[in-house]
Amino acid sequence: MTSNPLFSVLIANYNNGCYLREAVDSIKGQSYTNWEIILIDDASTDNSKELYTLYANDSRIKIYYNEENKGCGFTKRRCVEMATGELCGFLDPDDTLTADALQVMVDVHLNRPAVLVCSRHSVCDEKLIKQWESEIRDKTKLNYLTERFHTVEVFATFKRKEYLSTVGLNPDYKRAVDQYLYYLLEEQGEMIFIDDLLYNYRLNINSLSIGHYKALFWHVKAIEEACIRRGLSAEEVVGAMFERVIKKHEEKYQKAINSDYYKFGYKVLAPWSKLKKRIKKWLNH
């Protein structure tokens, strides 16, 4: 990889015109300046096309269009296909990057042989006001497909050369496209997690990821395809994943009921509950 690699920021946009300018501005304000934006519009029906005219004279911002709405898998796959950078990373059109995000990622990729590098992120409200930060993850090198409960976090960046060695993103996927990508990249080499907060994730009610149950279907499907590629039993891998989920929730439940807050609340509310039962019994007589 060259010492000053071109970084392709990939944006798949569908009807996010109300947020898109903030996303693009966060890239234009990067401390690392050797970048391009690959933006593919998936037949938006909002004001997105009006915004694209603002960037017509900036050769670093390359905008392409799907003739009809193709969905997330098709559009993100096309983003990578149109990219020319040595490094790539997806930015959702309703989110933003911190000013040093690209520089931090370039430095890590230059100094480590990782295929994929991901960071922590800030969870924000509709106005991009930070609400909380994602957890600091265990950096132990575990198999992401078979051993890790948590998801790879954003900002997730990867070497395009390694991606091109895979079968590529499945264009038929409607959700969980990023998870599909992470499983592909894991099959090519090391994945690294860093503690830096580089991405601002907006809680957007229209986000594809909000439909958790639908997203879960596509995530399980992505796991199944990864298992087929690796010669593993999808039944066992998915079963183990749900066992870890159940165990984690059980641990949270036990921690909650053993907390001082729970015990205090029980002492306060239990007498009131008994009193309500007595009043109800009295009124029924």
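No experiment lies behind these values; they were computed from the predicted model shown. (Residues numbered from 1 in each chain as written. Predicted model: local features only at pLDDT ≥ 70, side-chain atom pairs only at ≥ 80, totals over all residues. Heavy atoms only, no water.)

Q: Give me the lowdown on the overall build of the protein, citing residues and values where you can.
A: Within the protein, the regular secondary structure consists of 9 helices and 9 strands. Each of the 285 residues in the protein was classed as buried or not, and the buried ones make up 45%. Counting contacts in the protein only where the partners sit at least 6 residues apart, residues at least 24 apart contribute 80% of the total. Within the structure as shown, the protein displays about 16,000 Å² of accessible surface, and the carbon and sulfur contribution to it stands at 54%. (Helix = DSSP H or I, 4+ residues; strand = E, 2+ residues; numbered from the N terminus. Buried < 20%, exposed > 50% of the residue type's maximum accessible area, 1.4 Å probe, protein only. Contact = heavy atoms within 4.5 Å. Areas by Shrake-Rupley, 256 points an atom, 1.4 Å probe, with all protein chains shown as cover.)

Q: Go over unusual backbone geometry, please, and point to the residues and values.
A: Even without being glycine, N15 reaches a positive phi, approximately 60°. Among the structural elements, N15 can be located in the loop between β1 (7-13) and α1 (17-28). Since its relative accessible area comes to 26%, N15 is described here as partly exposed. Of note in this structure, L128 is not a glycine but carries a positive phi near 65°. Within the secondary structure layout, L128 lies in the loop between β6 (116-124) and β7 (130-133). Note on L128: relative accessible area 22%, which makes it partly exposed.

Q: Let's hear about the pairing of β6: which residues, and what values?
A: Of all 9 residues in β6, 9 are buried, a share of seventy percent or more. Bridge count for β6 against strand β9 (residues 191-202) is 8 bridges, and the pairing is parallel. Across the sheet, residue L116 finds its bridge partner in β9, namely M191. Relative to β7, β6 runs antiparallel, the two being bridged by 3 bridges. In the sheet register, S122 faces β7, and the bridge partner there is E133. (Pairing = 2+ DSSP bridges.)

Keep in mind these values describe shape, not function.
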